[in-house]
Amino acid sequence: MQVSEELAAEKGCLSCHEGIERFTEGVMMDTIMAFGEDYNDPEGCTMCHGGTVGGTTAELAHAGAHPDMIENGGPDMFFPDPGAVWIADKTCGQSGCHEGYADRQIKSLMNTEAGKLQGNLWSWGVIDTHRSVYGNYDLVDEDGNVPSVGTEAYKEYMVAFSEAHPDQMPDSMEQVPEVDVDAISEHPNLAGITYSRQQCQRCHVGVTGREKRGDFRGAGCSSCHVPYSNEGFYEGGDPTISKDQPGKLLTHQLQATRKSVVKHGDLEYSGIPSETCNSCHNRGKRIGVSYQGIMEFPYGSPYDEKGGKQPKLHTKNYLYIKDDLHHSVQSRDGNPEGGMLCQDCHTSIDMHGDGNLPGTTLAQVEIECEDCHGTVSKYPWELPLGYGEEFQTELADTPRGLSEEAADETIMFATDYEAKDGFLLTARGNPFGNVVKDGDKVMLHSASGLDFEIPVLKQIATDGTWKNQNAQVAMMSVGKHMESMECYACHADWAPQCYGCHITVDYSEGKTDVDWIANANAREPNGLTADNVLGTNGLTSAGKVSETRSYLRWEEPTLGINGEGRVSPLMPGCQVITTVIDKDGNTVAHNETWMTPDAGGTKGLDHAAVQPHTAGREARSCESCHNNPKALGYGIMGGRFMAGYDDGFVVDLETAFGETIPQQHQLQSQPVPSLDHDLSRIVTEDGEQLVTVGSHWPLTGPLPQEMREKMERTGLCMGCHQNMTDEALWEKVNTPAFVNNEEHQDVMDQAIHSLAETGRN
């Protein structure tokens, strides 16, 4: 396509792109256009994309940049995706715009994925340290451990945090290495590096999304701030953008905060939809899809009207379980209908980083549930900094208070809300720019445009407005619950539990697959990585990975201790059971598990502490922990089932003694020689830890023996019902009618009072 010089001079970029959506409105767009005037570009397109305004062909227009723009630190060539993190300092992060964000993002977990690499390679037995050694790139935190953003209280907190946890807050990390295929025969567990590079590392913001339904996205800033639908088609007005090739942005508009309104068809919305986050957060901890209430399952039912199964999403089928109460459109009484967005809780630092180099999620995320809800004895502003992430240390009894101002970056870029009585603070001392104390209420201003009153526990306790007695007992009467447990240990309705990660890595016959680390580190000067060209898979590396599962569960999860030292839900992490075939076709590992150093040596069948993001208003029942062997870590039904992995089994004609009769037979299920217990079992009743529990933090592990012994209440029923064998006694207390749950509780209540009256201690 070629346009005349006159038309190019008159309309600039719009001489070809007439109809494209204005990227945003308001101050940001006004600033872009004002700067554009200085570069003979009144529409401001080149402020982000670079290029030559008066070019008469795509080749001429998509080349170079205005000399003054280059000199001022703006684009120095045409950038197809201005959000790409590697050039964002010249675009989104140029002077006068979002300065510093690009550097923060490069060192953030969303780019390095250091925690994922450490956890995965720990389970494969490749590393034996809690230190975050590897990332997607070679990086050095050259400016030290003082964050580049945040309040003085926050900076002081994080300096102390990094000094206390140097393994989890490293000052440098190395790019995860390539695999020496010749070494696989002798060290088959090195296949874990291939597994990471080919399967796990595709979700960081340094690369664009995988070309699969649900995974389309931009890179860097565009990963979150530019909408992509799950189908991946462009639905805007630019005539030059294909509308039938998946992998395109939905519309050329910015999604960000409440003041950035996206208009599409008959709909308007603000904020970043949760599904944008889920283009990445659908594997690993699966918190994104869990927040929506869905869990992967193998069947793809129910059938559609043509008899077909579900369309694959993130390459998986999904079953709806129950969404997180914060996501649910149905709100609590007094609040408007509509759910919350991820960004309503997670701060800019949670998502963009603070300029330090965190090695795990706990190292970067600065929020705790109590920051907004408080405890039954203290309002949020009465809690000390660090509450909820004590790491088994004593906290100063100094109230964190409120802030009269939001954070600088919030004031500059996000919606500026009235402080009222003050902005609430995160556990690490930064103000929530959208959460304020307003008289006796705490209000959250959602990026969606909705305003929610937050239930505050101390206010509920003071007013006596408990929804049920169980909640009052659990939170007020049993003080240890609030002191030692995460809120979501009880309030997580469910957690996805994917037991057994059976992985084959095959290096024979020159087999290869996409290598996301190779792609990420093969960048063009325009910021695009090798995987960016639609219809290609980018760069590959030796080895081909295939994987499957043992079984899936979704009900209430096992409990353990997380890195902060609090009781937390656990979910199966990297439970790797590995088969490795070397380049010569030899099987050098067959259904092997690898050893990890925790607890004196355990199998690398990880259970990881997790915030499942599946909160329900009604917490799990007392019995679901205190009378549940799975919750205590002993496995489903105490691990009495599924204990035959180590032998495998044959299904054929057999004698009464289990001897296989036909000489021609085969194993129905291959043995996993080291696995002599159910994958859901993490600890024995006498305290022997069987598998690795967490890899990042030294405090992680099963519930301690003393805690499990205090929790376990398997004798509750038999405390009374052992007397059923004494018919004379039982006739005096039993009733001929059906005894319901309330009557059972009334009988127990009478027994307690009777015992108290006897004066027995």
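This write-up is about the structure you can find in this document. Nothing here was measured: the structure is a model prediction, and the numbers come from that model.

Secondary structure summary: the protein contains 30 helices and 24 strands in total. Taking 27 Å as the expected radius of gyration for a compact globule of 761 residues, we find that the protein reaches 29 Å, a close match to that expectation. Counting only C-alpha atoms and orienting by the principal axes, one finds that the protein spans roughly 105 × 75 × 60 Å. Out of the 761 residues belonging to the protein, those deemed buried represent 50%. Long-range pairs, those at least 24 residues apart, make up 66% of the contacts in the protein with a sequence separation of at least 6. When the accessible surface of the protein is totalled, it reaches about 36,000 Å², and 53% of it is carbon and sulfur. Across the protein, 55 positive and 116 negative side-chain charges occur, with their mean positions spaced 4 Å apart.

A complete count under the given rule lists nine aromatic pairs for this structure. Ring plane angle 40° and centroid distance 5.9 Å describe the contact between Trp124 and Tyr195, whose orientation is recorded as tilted. Highlighted residues: Trp124 in the loop between α9 (114-123) and β1 (134-135) and Tyr195 in helix α11 (residues 191-200), separated in sequence by 71 residues. For Tyr195, a relative accessible area of 3% puts it in the buried group. Between Tyr157 and Phe161 the ring centres are 6.5 Å apart and the planes differ by 20°, which places this aromatic pair in the stacked class. With a gap of four residues between them, Tyr157 and Phe161 both fall in helix α10 (residues 152-164), about one helical turn apart. Residue class for Tyr157 comes out buried when judged on its relative accessible area of 17%. Put simply, the rings of Tyr157, Phe161, Phe391 and Trp697 pair up and form one aromatic cluster. Here Arg104 stacks its cationic end above the ring of Tyr101, 4.6 Å away from the centre of that ring.

Let us look at the side chain of Ser270. Along the chain, Ser270 turns up in strand β5 (residues 267-270). You can call Ser270 buried: its relative accessible area is 10%. At a separation of 2.6 Å, a polar atom in the side chain of Ser270 contacts the main-chain carbonyl oxygen of Ala447. Within the structure, the side chain of Ser270 is placed 3.3 Å from the backbone oxygen of Ser448, a separation counted as a polar contact. Apart from residues lying up to four places away in sequence, Ser270 is in contact with Thr257, Arg258, Ser260, Leu341, Ala447, Ser448 and Gly449.

So, about the pairing of strand β10 (residues 441-445). Across a regular strand the side chains alternate sides, sitting on one face of the sheet and then on the other. Among the five residues that make up β10, four are buried, leaving the element largely enclosed by the rest of the structure. Sheet topology places strand β9 (residues 431-438) next to β10; four bridges connect them, and they run antiparallel. Bridged to Val436 within β10 is Met443. Counted between consecutive antiparallel strands, the loop separating β9 from β10 contains two residues, among which Gly439 sits at a positive phi close to 65°. Pairing analysis gives three bridges linking β10 to strand β11 (residues 451-453), with the strands arranged antiparallel. Within the sheet, the bridge partner assigned to Leu444 lies in β11 and is Phe452.

Before going further, it helps to spend a moment on unusual backbone geometry. Apart from glycine, the bulk of residues carry a negative phi angle, and the bulk of peptide bonds sit in the trans form. Note that the residue after Ser301, namely Pro302, is joined by a cis bond; omega there is -5°. Tracing the sequence through the fold places Pro302 in the loop between β6 (294-297) and β7 (317-320). A positive phi angle, near 60°, is found at Arg286, a position not held by glycine. Within the secondary structure, Arg286 is located in the loop between α13 (274-278) and α14 (287-292). Of the residues examined, Arg286 reaches a relative accessible area of 9% and is grouped as buried.

In this section: a nonpolar patch on the surface. Together, Met637, Phe641 and Met642 make up an exposed nonpolar region whose accessible area comes to about 300 Å². Its place among the elements puts Met637 in the loop between α26 (629-632) and β21 (649-650).

Strand order in the open sheet formed by four strands is β8-β9-β10-β11, and the pairing between neighbours is antiparallel. The strands lining the two open edges of the sheet, one partner per strand, are β8 (422-425) and β11. Between one strand and the next, the sheet's axes are offset by a mean angle of 40°, whatever the strand orientation. Bridge analysis of β8 against β9 gives three bridges, and the strand direction is antiparallel. The partner of Gly422 across the bridge, within β9, is Lys437.

With that settled, consider a negative patch on the surface. Residues Glu37, Asp38, Asp68 and Glu71 make up a contiguous surface patch of negative charge. Of all the elements in the fold, those that place two or more residues in the negative patch are α3 (27-38) and α6 (67-71).

Before going further, it helps to examine the sheet that holds β1. Overall, mixed pairing links the three strands, which are arranged β1-β3-β2 in an open sheet. Where the open sheet ends on each side, the last strands, each with one partner, are β1 and β2 (139-140). Here β1 runs beside strand β3 (residues 172-175); their pairing, made up of two bridges, is parallel. Bridge pairing in β3 places Tyr134 opposite Glu174.

About the thresholds
Residues numbered from 1 in each chain as written. Predicted model: local features only at pLDDT ≥ 70, side-chain atom pairs only at ≥ 80, totals over all residues. Heavy atoms only, no water. Helix = DSSP H or I, 4+ residues; strand = E, 2+ residues; numbered from the N terminus. Rg over C-alpha atoms; globule rule 2.2 N^0.38 Å. Buried < 20%, exposed > 50% of the residue type's maximum accessible area, 1.4 Å probe, protein only. Contact = heavy atoms within 4.5 Å. Areas by Shrake-Rupley, 256 points an atom, 1.4 Å probe, with all protein chains shown as cover. Lys, Arg positive; Asp, Glu negative; His and termini not counted. Charge placed at Lys NZ, Arg CZ, Asp CG, Glu CD. Phe/Tyr/Trp six-rings, centres within 6.5 Å; stacked < 30°, edge-to-face > 60°. Lys NZ or Arg CZ within 6 Å of the ring centre and 35° of its normal. Polar contact = N/O pair within 3.5 Å; in protein donor to acceptor, adjacent residues only side chain to side chain. Pairing = 2+ DSSP bridges. Patch = residues over 30% accessible without salt bridge, like charges linked within 9 Å, V, L, I, M, F, W, Y side chains within 5 Å. Salt bridge = Lys/Arg side-chain N within 4 Å of Asp/Glu carboxyl O. Axes fitted to C-alpha atoms, helices over the stretch in contact; angles between N-to-C directions.

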